[in-house]
Amino acid sequence: MSDEGRRRQCEALLHEHRRIVFKVAAVYARDADDRQDLAQDIALQVWRSFGSYDPARPFATWMYRVALNVGLSHARREREKPAMLGADALDALEGGMPITEPDERLAQLARAIEALEPLERALALLYLEELPYAEIAAVLGLSETNVGTRIARLKQRLCRQLAGPAPVEKGVPHGT
Amino acid sequence: MELDELKEGWAILDRRLSALEVSLVAGRAVSGVRSELRPLRWGQAMQAVLGAGLALAAGSFWVDNRDATGPLVAGLLLHAYGIAMIVAAARNLVLAARATETAPVLTLQKRVAELRAWRIREGYWFGVVGCFMWVPMLVWGFAWLGVDIVAARPVFMAFNVLAGFLCLGGFLFLSRYIKAPEGGSVRRAGERLEELARFTDGGPV
């Protein structure tokens, strides 16, 4: 395939899966400007790495890897803990539709994600995307069993967070 | 039920993001975008070339001065330093080459953390050795002028070695007390590796 053809193929796939880029940027960026930069960073990295993409494999899995790796590198560079994309922040994105009514579910999601560490955010994003365990395992480089364990623990943690200040935990040792 | 609400929130985010018309242009030069590892690769390639030059020159120097103890030792030390520069650069380049963005997330994060930890340790040891490397450089420089400075001015050279120890003391002091961020970097790199290990092993993060 010619360079031009390859470029077109990459742009088409990137456009088709652009929501992955925006979601990862939403989870790891600090603010609106940062989100735009991070989204473009991810797109650029997708383009640079596109030569190593094997068309026989699902593009989305490959793209999640690239996007999350760029997001985590970004989080590592930034000292400040990133804030999750809130309901009121979407219209700060170029081309975003104006948001007039804040949505409590979106705000709750933002609070829950903000409390997670960068690696847990990656897992949470893949879980919320409802990807099969096998695909999550392929993106993260974990075994499927390990993915199951991590997700069960993540759910427990999210439930505790959503329930508010939890009573003293009894009986279930952390890490089992 | 609460988790379902989170999923609803995620679905709302998804719908709103799909309405965005932000263009992502593949291959477009984006200002402010930088590869973390590109400067490292260039720097290490340069270090390997300089190390090779030093190893060759110092090797030739000590071979020509096998009968003079001072220049011989100085030449051997510089030769070893040149080789250490090459080895360190090669290790950095190998570690950097393994860190590709298309690797599974945890694999890449682990490789980057290993590279970071190695860079910090490497910088520390080059700093320690660097406190003394100017002494053999001095011997070499004088030898080019035809003077065996170790034989001619042993006291002067002893003072230089002593100055090297003072430099080392200053370096260690700065490393420990003043350059706290460096120590912090070592700790952070170690913590990151531990965090990754816990995540991979299924333990609590």
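Here is what the cut-offs are and how they apply
Just so you know, the residues in each chain are numbered from 1, in the order the chain's sequence is written. Labels follow written order: the first chain is A, the first ligand is 1, and so on. Thresholds applied to this predicted model are a pLDDT of at least 70 for local features of residues and 80 or more for the giving and counting of side-chain atom pairs; totals over whole chains, interfaces and linings are not thresholded and use all residues. The basis for the side-chain values is all heavy atoms of the structure; hydrogens and waters are excluded. Strands are runs of DSSP state E lasting at least two residues, helices are runs of H or I lasting at least four, and both sets are numbered from the N terminus onward. Exposure is judged per residue with a 1.4 Å probe applied to protein chains only, and the accessible area is read against the type maximum: over 50% gives exposed, under 20% gives buried, and values in between give partly exposed. Here, two residues are considered to be in contact whenever any of their heavy atoms come within 4.5 Å of each other. Under the convention used here, a 1.4 Å probe and the Shrake-Rupley method define accessible areas, while residue burial counts only the protein chains that appear. When a carboxyl oxygen of Asp or Glu is within 4 Å of a side-chain nitrogen of Lys or Arg, the pair counts as a salt bridge. Helix span, expected: 1.5 Å multiplied by one less than the number of residues in the helix. Note on aromatic pairs: the rings of Phe, Tyr and Trp (six-membered ring only in Trp) are paired at centre separations within 6.5 Å, and the planes decide the class, stacked below 30 degrees, edge-to-face beyond 60, tilted for the rest. Patch construction takes residues with relative accessible area above 30% that form no salt bridge. Like charges are linked within 9 Å, and nonpolar side chains (Val, Leu, Ile, Met, Phe, Trp, Tyr) are linked within 5 Å. The positive count covers Lys and Arg only, the negative count covers Asp and Glu only, and His and the chain ends enter neither. Taken as the charge centre is NZ of Lys, CZ of Arg, CG of Asp or CD of Glu, depending on the residue. Here the arc refers to the directions that run from the helix axis out to each C-beta atom. pLDDT is defined as a per-residue confidence score from the predictor, taking values between 0 and 100. We call a set of buried Ala, Val, Leu, Ile, Met, Phe, Trp, Tyr and Cys residues a nonpolar core when their side-chain atoms join them within 4.5 Å. To get an axis, fit a line to the C-alpha atoms, keeping to the stretch in contact for a helix; angles then go from 0 to 180 degrees between the N-to-C directions. Side-chain classes are defined by residue name, with Ala, Val, Leu, Ile, Met, Phe, Trp, Tyr, Cys and Pro counting as nonpolar, Asp, Glu, Lys and Arg as charged, and the others, Gly among them, as polar. An angle below 35 degrees is treated as roughly parallel, one above 145 as roughly antiparallel, one from 65 to 115 as roughly perpendicular, and anything else as oblique. Crossings are sorted by hand: turned counterclockwise from the far helix by less than a right angle, the near helix makes the crossing left-handed, and turned clockwise it makes it right-handed.

Would you mind going over the overall build of chain A in detail, with residue names and values included?
The helix and strand tally for chain A stands at 8 helices and 0 strands. Starting at the N terminus, the α and β elements of chain A follow one another as α-α-α-α-α-α-α-α. Considering chain A as a whole, with its 176 residues, one finds that 52% of them fall into the buried category. Summarising the internal contacts of chain A: among those between residues at least 6 apart in sequence, 65% fall at separations of at least 24.

Describe the overall build of chain B, naming the residues involved and giving the relevant values.
Looking only at helices and strands, chain B features 7 helices and 0 strands. Counted from the first residue to the last, chain B has its helices and strands arranged as α-α-α-α-α-α-α. In chain B, buried positions account for 38% of the 205 residues. The contacts of chain B with a sequence gap of at least 6 include a subset with a gap of at least 24, amounting to 72%. Per element, the accessible surface of chain B, about 11,400 Å² overall, is 66% carbon and sulfur.

Which residues make up the pattern of salt bridges, and what values do they have?
Following the criterion strictly, the structure yields 7 salt bridges over all chains and no others. One salt bridge connects R19(A) with D14(B), and the closest N-O pair in it is separated by 2.8 Å. A residue pair is termed interchain when its members come from two chains, as with R19(A) in helix α2 (residues 18-28) and D14(B) in helix α1 (residues 2-18). Residue D14(B) is classed as buried on the basis of its relative accessible area, which comes to 18%.

Now, about helix α8 (residues 144-162) of chain A: what can you tell me, with residues and values included?
For α8(A), with 19 residues, the first-to-last C-alpha span of 26 Å sits near the 27 Å given by 1.5 Å per residue. Among the residues making up α8(A), those that are buried are N146(A), V147(A), G148(A), R150(A), I151(A), R153(A), L154(A), L158(A) and L162(A).

If you had to explain the packing of aromatic side chains to someone new, which residues and values would you point to?
All names here are of chain A. In the structure shown here, the tally under the stated rule is 11 aromatic pairs over all chains. Arranged with centres 5.2 Å apart and planes meeting at 85 degrees, the rings of Y53 and F59 form a pair that is edge-to-face. Judged by relative accessible area, which is 8%, Y53 ranks as buried. Overall, the relative accessible area of 5% leaves F59 in the buried class. In textbook terms, an aromatic cluster arises when at least three aromatic residues are bridged by ring pairs, as seen for F50, Y53, F59 and W62.

So, a positive patch on the surface: which residues are in play, and what are the values?
On the surface, R91(B), R98(B), K110(B) and R121(B) cluster together into a positively charged patch. Examined against the element boundaries, R98(B) turns out to sit in helix α3 (residues 69-98).

Can you break down helix α1 (residues 3-16) of chain A residue by residue, with the values?
Residue and element names in this part refer to chain A. With 14 residues, α1 should cover 20 Å at 1.5 Å per step; its first-to-last C-alpha distance of 20 Å lies within 8% of that length. When we look at burial in α1, the residues that qualify are C10, L13 and L14. Seen end-on, α1 carries its buried residues on one side only, within an arc spanning 100 degrees. For α1, the exposed residues set more than 90 degrees away from the buried face come down to R8 and E16. Buried residues in α1 make contact with α2, α3 (32-49) and α4 (59-77).

Let's hear about the confidence of the model for chain B: which residues, and what values?
Segments scoring low in pLDDT should not have their predicted coordinates read at a detailed level. All names here are of chain B. With 78% of its residues at a pLDDT of 70 or more, chain B shows a mean pLDDT of 80. A low-confidence stretch, residues 27-34 (pLDDT under 50), is modelled with 8 contacts involving residues beyond four sequence positions or located in other chains. Two numbers describe this predicted complex: its pTM, 0.68, and its ipTM, 0.73.

How would you sum up a nonpolar patch on the surface? Please name residues and give values.
Residues and elements named next belong to chain B. Among the surface-exposed residues, Y124, W125 and L172 lie close enough to one another that they form a single nonpolar patch of about 310 Å² accessible area. Secondary-structure assignment places L172 in helix α6 (residues 154-178). Classification of L172 as partly exposed rests on a relative accessible area of 34%.

Any chance you could break down the nonpolar core for me, citing the residues and the numbers?
By size, the foremost hydrophobic cluster in this structure holds 64 residues, and its most contacted members are Y28(A), V46(A), L126(A) and L140(A). Counting residues per element, this core draws most heavily on α4(A), at 11 residues. Counting 8 residues, the second-largest nonpolar core is a separate cluster that includes L78(B), M85(B), M133(B) and W140(B).

Residue-level account of the packing of helix α5 (residues 104-114) of chain A against helix α6 (residues 118-128) of chain A, with values.
Residues and elements named next belong to chain A. Two elements in contact, α5 and α6, have axes separated by 10 Å at closest approach and are oriented at 145 degrees. Across from L109, I113 and E114 in α5, the residues of α6 making contact are R121, A124 and L128. Taken together, the residues that form the contact of α5 with α6 break down as 4 nonpolar, no polar and 2 charged.

Tell me what's going on with the packing of α3(A) against α4(A), and back it up with residues and numbers.
Residues and elements named next belong to chain A. Viewed as axis vectors pointing N to C, α3 and α4 meet at an angle of 130 degrees, and their least axial separation amounts to 9 Å. Between α3 and α4, the crossing angle belongs to the class labelled oblique. Of the two elements, α3 crosses α4, and the hand of that crossing is right-handed. From α3, D34, L38, D41, I42, Q45, V46 and S49 reach across to α4, where they touch F59, W62, M63, V66, A67, V70, G71, H74 and R77. Of the residues in the contact of α3 with α4, the class split is 9 nonpolar, 4 polar and 3 charged.

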